[in-house]
Number of protein chains: 2
Amino acid sequence: MIDHTVKSFDVELELLGRHISEMGGIAEKMLADAMDALAGLNAVLAQQVVAADARLDALQRLVEEETVAIIAKRQPVAVDLREIIGALRISNELERVGDLAKNISKRAAKIAGEGRIPRAVGGLKSMHDLAVVQLNDVLDAYAQRDADRAKAVWLRDVELDALEDSVFRELLTHMMEDPRNITFCTHLLFCSKNLERVGDHTTNIAETVYYIRTGKALPTERPRGVASAVTP
Amino acid sequence: MIDHTVKSFDVELELLGRHISEMGGIAEKMLADAMDALAGLNAVLAQQVVAADARLDALQRLVEEETVAIIAKRQPVAVDLREIIGALRISNELERVGDLAKNISKRAAKIAGEGRIPRAVGGLKSMHDLAVVQLNDVLDAYAQRDADRAKAVWLRDVELDALEDSVFRELLTHMMEDPRNITFCTHLLFCSKNLERVGDHTTNIAETVYYIRTGKALPTERPRGVASAVTP
């Protein structure tokens, strides 16, 4: 970090970081609640997740305002500029994670009346758990500005892709076995895709942390598992 | 528009506008090609769409750089600031539209070997056509800074939701009729969801145009069709 003669720039950065951190906490909580709502077909909890998204949206707008104000006031360059742009990008990614948790919750609420829980929900739970570990890890990497840790998270996304592939096959099997499973399993397919996309946002955050720290980009395409050749 | 004593601010805005316009053109072309690739199971065309996405990503980064430079140099306020923030937001939305076209193309490439085209592709074509009309319309609204036209686009998104619902039912019927349709139709279900999401980004752009012009937000929740109670 450049040594700032005007101390309050650091104070502004710290406030930005606190808002990103709050967004991360809300997004993780929304994901956990969305998964619980889905596993338990709990429409009330699902509704709470949908309601929680407003705070995340408000924080994203706040971060946008703060970054614009800092750029206008300080004309930051080099790593300082990367810090500000990075905060803006990460807040956008976290807002989208919240949208995905909201999507899962809306589906949970829709199928809550069906009372049909195939074994496949177990696969979704594994996806969720991995997605949350990854998200938590990348937010720690951001808090520590640790480029190596960010890159490790980025590389591990392939595991989530592989899990999605396995969930996809399992759901397809359920659908082929009994046409009455088709509607329900279709909802779970979309939930699984939502969790895989949480992983994509996590890797975007990892790329941003790497960029803040090094000024360089990770390759645009991650190594993909063999699995992803099959998953839709 | 505020009368600028420094004329070159308008030149900078115009350049930003040209980049947004180029992004819009690329996104529309990608969508059209993705739909053709899907309808014709054309893996070569699908690959071209995937390749085109790099230019869209590069333009998004360029718009980000330009907006940051303008904010730092001019400390814009009021409508000028909304212009800059609006350009940044719209470029983000268009980049995501490109991602969705890329997703559809990847699926087209995957199922190209199957040679199985159920009638449901017709429904997807209708969704695509409406999504492109809406996107084109909102980009015109942006070019003219026409808040009323933007709001009209925003309100019409409900038609795309209704179309998605009809495609969803049709695909489910194909899947229930013959389990051999399940894998193929699952891919089409995701394509249909991608097209519906193009509509969401279009409404986000509409909200941004409205914000630039009026300084106000449209309601956070659009009126939803009855359809959306069914569609997953």
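Residues numbered from 1 in each chain as written. Chains lettered and ligands numbered in written order. Predicted model: local features only at pLDDT ≥ 70, side-chain atom pairs only at ≥ 80, totals over all residues. Heavy atoms only, no water.

Undergrad: How should the relation of the copies chain A and chain B be read in this particular structure?
TA: Comparison of the two chain copies shows a relationship of rotation about an axis with a shift along it. It takes a turn of 180° to lay chain A on chain B, together with a shift of 0.0 Å along the axis; the resulting RMSD is 0.0 Å. Expressed as a symmetry operation, the mapping of one chain copy onto the other fits a two-fold axis. Of every C-alpha in chain A, the one belonging to Ala72 of chain A sits nearest the axis of rotation, 2.3 Å from it. Take the interface residues of chain A: 100% of them recur as interface residues in chain B, which is what a same-surface contact looks like. (Least-squares fit on C-alpha atoms with pLDDT ≥ 70 in both. Contact = heavy atoms within 4.5 Å.)

Undergrad: Can you help me understand helix α1 (residues 8–39) of chain B in this one?
TA: Residue pairs spaced three or four apart in an α-helix point in one direction, given the helix's 3.6 residues per turn. If you check α1 of chain B, its first and last C-alpha atoms are 47 Å apart, about what 32 residues at 1.5 Å a residue would give, namely 46 Å. Looking at the residues trailing α1 of chain B, positive phi occurs at Leu41 of chain B, about 45°. (Helix = DSSP H or I, 4+ residues; strand = E, 2+ residues; numbered from the N terminus. Expected span 1.5 Å × (residues − 1).)

Undergrad: Is there a simple way to explain the pattern of salt bridges in this structure?
TA: Where charged atoms from two side chains of opposite charge approach closely, those side chains can pair. What the rule picks out here adds up to 34 salt bridges over all chains. The salt bridge involving Lys102 of chain B is made with Asp53 of chain B; its shortest N-O contact spans 3.1 Å. Taken together, the residues span a long stretch of sequence, with Lys102 of chain B in helix α3 (residues 78–111) and Asp53 of chain B in helix α2 (residues 43–74) at a distance of 49 residues. Asp53 of chain B shares its class with Lys102 of chain B; the two are buried. Put simply, Asp137, Asp140, Arg149 and Arg156 of chain A are held in one network by salt bridges that share partners. (Salt bridge = Lys/Arg side-chain N within 4 Å of Asp/Glu carboxyl O. Buried < 20%, exposed > 50% of the residue type's maximum accessible area, 1.4 Å probe, protein only.)

Undergrad: Can you walk me through the packing of aromatic side chains in this structure?
TA: Two numbers describe a pair of aromatic rings. These are the distance of the centres and the angle of the planes. Under the defined criterion, the tally for this structure stands at 1 aromatic pair over all chains. Their ring planes at 55° and their centres at 5.0 Å tell us that Phe190 of chain A and Phe190 of chain B sit as a pair that is tilted. Here Phe190 of chain A, found in helix α6 (residues 182–214), pairs with Phe190 of chain B, found in helix α6 (residues 182–214), and the two come from separate chains. A relative accessible area of 4% places Phe190 of chain B in the buried class. Sitting over the ring of Tyr211 of chain A, Arg89 of chain A keeps its end group 4.8 Å from the ring centre. (Phe/Tyr/Trp six-rings, centres within 6.5 Å; stacked < 30°, edge-to-face > 60°. Lys NZ or Arg CZ within 6 Å of the ring centre and 35° of its normal.)

Undergrad: Is there a simple way to explain α6 of chain A in this structure?
TA: Residues and elements named next belong to chain A. Taking 1.5 Å of rise per residue, 33 residues should cover 48 Å, and α6 covers 48 Å from first to last C-alpha, within 8% of that figure. Counting buried positions along α6 gives 26 out of 33 residues, so the element sits mostly inside the fold. Backbone geometry just after α6 places Gly215 at a positive phi near 75°.

Undergrad: Quick question: what am I supposed to make of the side chain of Thr208 of chain A here?
TA: All names here are of chain A. Relative to the assigned elements, Thr208 resides in helix α6. On the basis of relative accessibility, which here comes to 5%, the residue Thr208 falls in the buried class. Among the polar contacts listed, one links the side chain of Thr208 to the backbone oxygen of Asn204, at a separation of 3.0 Å. (Polar contact = N/O pair within 3.5 Å; in protein donor to acceptor, adjacent residues only side chain to side chain.)

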